[in-house]
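Per-entry structural report
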Amino acid sequence: MITVKKLVKRFGLKTVLRGVDFEVQPGEFVALLGPNGAGKTTFLRILATLSRPSLGEVNIAGYKLPHEAAQIRARLGVVSHLPLLYGDLSAEENLRFYARMYGISNYELRITEILEMVGLETRRRDLVRAFSRGMQQRLAIGRAVLHDPDVMLFDEPYTGLDQDASSMLDDVLKTVAAEGRTVVMTSHDLARAENLATRFDILSRGIIAASATRKQMKKSNLLTFYKQALAG
Amino acid sequence: MTVKINKLDRRRKTADRASPLSLRERARVREGSFTKAVSAIVWKDLRAEFRSYELISSMLVFSLLVILIFNFALELDIKTRQSVTAGVLWATFAFAGTLGLNRSMAIEKDRGCLDGLLLAPVDRSAIYFGKFISNLVFMLIVEAIVLPVYSVLYNTNLFQPGLLMVILLGSIGYTAVGTLLAAMSVQTRTRDVLLPILLLPVVLPLIIAAVQASNTILAGNEFSEITSWFNLLIAYDIILTAVAFMLFDYILED
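Position numbers for residues start from 1 in each chain and track the written sequence from start to end. Written order determines the labels here, with chains lettered from A and ligands numbered from 1. Local features in this predicted model are restricted to residues of pLDDT 70 or higher, and side-chain atom pairs are both shown and tallied only at a pLDDT of 80 or more, whereas totals for entire chains, interfaces and linings draw on every residue.

Things to note about the overall build of chain B
Each helix is a run of H or I in the DSSP string that is no shorter than four residues. Each strand is a run of E no shorter than two, and both are numbered from the N terminus. Scanning chain B from N- to C-terminus turns up ten helices and zero strands. Walking chain B from its N terminus toward its C terminus, one meets helices and strands in the order α-α-α-α-α-α-α-α-α-α. With C-beta atoms placed from the backbone, a residue is buried if 20 or more other C-beta atoms are within 10 Å of its own, exposed if 12 or fewer are, and partly exposed between those counts. Per-residue burial for chain B yields a buried fraction of 42% across its 254 residues. At a minimum sequence separation of 6, the contacts of chain B that also span at least 24 residues come to 82%. By the convention adopted here, residues are in contact when the distance between their C-beta atoms, placed from the backbone, does not exceed 7 Å.

Some details on the packing of helix α3 (residues 91–101) of chain A against helix α4 (residues 107–117) of chain A
Residues and elements named next belong to chain A. Think of each axis as a best-fit line through the C-alpha atoms, taken over the contacting stretch in the case of a helix, with angles from 0 to 180 degrees between the N-to-C directions. At a minimum axis separation of 10 Å, α3 and α4 run at an interaxial angle of 130 degrees. Between α3 and α4, the interaxial angle falls into the category oblique. By crossing handedness, the relation of α3 to α4 is classed as right-handed. The residues of α4 that touch α3, namely those facing Ala 91, Glu 92, Leu 95, Arg 96 and Ala 99, are Tyr 107, Arg 110, Ile 111, Ile 114 and Leu 115. Amino acids outside the nonpolar list (Ala, Val, Leu, Ile, Met, Phe, Trp, Tyr, Cys, Pro) and the charged list (Asp, Glu, Lys, Arg) are all regarded as polar, and Gly is one of them. In terms of residue class, the contact of α3 with α4 is built from seven nonpolar, no polar and three charged. For classification purposes, an angle smaller than 35 degrees is called roughly parallel, one larger than 145 roughly antiparallel, one from 65 to 115 roughly perpendicular, and anything else oblique. Here is the rule for handedness: rotate from the far helix to the near one, and if that takes an anticlockwise turn smaller than a right angle the crossing is left-handed, while a clockwise turn gives right-handed.

Describing the packing of helix α4 (residues 54–74) of chain B against helix α7 (residues 124–154) of chain B
Residue and element names in this part refer to chain B. Packing of α4 against α7 brings their axes to within 10 Å, and their N-to-C directions diverge by 25 degrees. As far as their axial angle goes, α7 and α4 are roughly parallel. The two elements α4 and α7 cross, and the hand of that crossing is right-handed. Between α4, through Leu 55, Ile 56, Met 59, Leu 60, Ser 63, Leu 64, Ile 67 and Asn 71, and α7, the contact on the second element is made entirely by Phe 138, Ile 141, Val 142, Ile 145, Val 146, Val 149, Tyr 150, Leu 153 and Tyr 154. Residue composition of the contact of α4 with α7, grouped by class: 15 nonpolar, two polar and no charged.

Notes on the nonpolar core
Counting residues in hydrophobic clusters, the biggest one holds 145 residues, and the most contacted among them are Leu 47, Leu 139, Leu 153 and Val 184 of chain A together with Val 177, Ala 213 and Leu 233 of chain B. If sequence neighbours within four positions are ignored, Leu 139 of chain A has contacts with Pro 83, Leu 85, Ala 91, Asn 94, Val 118, Leu 120, Val 128 and Phe 131 of chain A. Note on terminology: a nonpolar core is a set of buried residues of type Ala, Val, Leu, Ile, Met, Phe, Trp, Tyr or Cys, with members joined through C-beta atoms within 7 Å.

Notes on the pairing of strand β10 (residues 207–213) of chain A
Residues and elements named next belong to chain A. Strands pair, by our definition, only if DSSP identifies at least two bridges between them. Judged from the six bridges that link them, strand β9 (residues 199–204) and β10 form a sheet pairing that is antiparallel. The partner of Ser 204 across the bridge, within β10, is Ile 207. The loop that links β9 with its antiparallel partner β10 comprises two residues; one of these, Arg 205, has a positive phi angle of about 50 degrees.

Considering the environment of Ile 107 of chain B
Residues and elements named next belong to chain B. Turning to its location among the elements, Ile 107 is positioned in helix α5 (residues 78–110). We classify Ile 107 as buried; it has 21 C-beta atoms within 10 Å. Here the alpha-carbon distance between Ile 107 and Val 243, two residues 136 residues apart in the chain, equals 24 Å.

Concerning the sheet that holds β10 of chain A
Hydrogen bonding along the main chain pairs the strands of a sheet, whether they run parallel or antiparallel. Residue and element names in this part refer to chain A. Spatially, six strands are ordered β6-β7-β8-β3-β9-β10 in an open sheet, and the strand pairing comes out mixed. A single partner strand is all that each edge strand has here, and the edge strands are β6 (76–79) and β10. Each strand axis lies, on average, 15 degrees off the axis of its neighbour in the sheet, ignoring direction. Both β6 and strand β7 (residues 151–155) contribute to a ladder of four bridges, which runs parallel. Each bridged residue has a counterpart across the sheet, and for Gly 77 the counterpart in β7 is Met 152. Contacting β3 (29–33), β7, β8 (182–187) and β9, helix α1 (residues 40–47) runs over the sheet at an angle of about 155 degrees to β8.

A few points about the domain arrangement of chain A
Residues and elements named next belong to chain A. The domain architecture assigned to chain A consists of domain 1 (2–75 + 150–231) and domain 2 (84–148). The source of the domain bounds is an automatic or database domain assignment. Computed over C-alpha atoms, the centres of domain 1 and domain 2 are 25 Å apart. Domain 1 puts twelve residues into the contact, and the matching count from domain 2 is nine residues. The greatest single-element share of the side of domain 1 that touches domain 2, amounting to seven residues, is contributed by helix α6 (residues 163–178). Its residues assigned to classes, the side of domain 1 that touches domain 2 shows eight nonpolar, two polar and two charged.

Section: the pairing of β7 of chain A
Successive residues of a regular strand alternate their side chains across the two faces of the sheet. All names here are of chain A. When you tally the buried positions in β7, you get five out of five residues, the bulk of the element. Of the two faces of β7, both are covered, the one formed by Val 151, Leu 153 and Asp 155 as well as the one formed by Met 152 and Phe 154. Here β7 runs beside β8; their pairing, made up of five bridges, is parallel. Within the sheet, the bridge partner assigned to Leu 153 lies in β8 and is Val 184.

Some thoughts on the sheet that holds strand β1 (residues 2–11) of chain A
Residues and elements named next belong to chain A. One open sheet holds the four strands; their spatial order is β2-β1-β4-β5, and the pairing between them is antiparallel. The sheet is open, and its two edges are formed by β2 (14–24) and β5 (63–64), each paired on a single side. One ladder, built from two bridges, connects strand β4 (residues 55–60) with β5; its direction is antiparallel. Bridge pairing in β5 places Ile 60 opposite Tyr 63.

Here you go:
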């Protein structure tokens, strides 16, 4: 579903990604872990078509970047630590706007479906600026799955959430993953990543330093694996 | 894409039965159409603005303050007032427009909404045209309120078809360039300062043409006398809109 070969990203003289090789099979849930400044967000922004690679190949759902970016975007759902929602629009107005941007037909039914999924059906007419951070993040996930994407990218989705909101987000993420979507999530929260993902990749100093599936992980725990990858 | 979703649904069948997403097949995604995306952005901007009045109110208060200050500061006789009208008007529109353009793009940037727009499977020039039309509507609304106030304060009749046409053409050119440069400056830390510094030199030919054409119309001269200024305004609008259309995609990329 996702194939990345020798990906390099430079900002001026600074090289953030130094030849990343990365592959994700359909239906996999990959947690991309690493310290601050490792290049996780930059990598996800390239996959999301928001940033252009300096060198290397990126192929998502059979389409190549950068020339087929629009086709990739139609199959991609992105959630970041920012909600990507308009505070002066209600929950349903936000979803209606994005539905029109994605060219979804019969979107009123789809919006109701999404609001039920993220547990905001009763707040559909409330302005998003009145929502708590957790509610905004749930609606952000609703926005991202609105067009039924094959691939979901989550960039630190738990940032700024309290315990209850994080637990609710866990449930929504599990629902999204259980539907057979391919998911790539960056996170600093190892416990949550261990609970959700089927594969763990460690990004360090601009390269994938280690990769292991959940089955391989049974012998050790994620924290040990993470520390070993960063030390090596 | 429809086939693809159906395949996906089969794979997800077990999980879907109890899921509220069982109506998913009703959602049909395709590469969004250009005009639908443009109209969606305009609808979203107008809806949000007519709920908060953040942008129009700040532009309007600024504009009214400027013309009030000029009115009391200059204390001119009727004849001299007429000769400065075009300059005062266009200075007011230009500075108020900068406020509006900055705010319009800041709304997109603050909650990451610009990324939300860029993630849509549409040609990115649709985002430009959507924002351009919204910004133009806001500017024209402010101008429609400022003109009668100015007419009363300065005792000048501004409701002349020629002048209104010049204001429309000037506003189109100003907003076309302003939307492009606001998208560029909003990505910097000094966006509030940077936009006027970038924008005003670029729109200088447009402002000069608009002031000259307005002056000629207000002096009661023949239309033939402003043809060259009028043509310059039209050429500026066409060329700068085309340039903005071509550059917008590159400006927004990392």
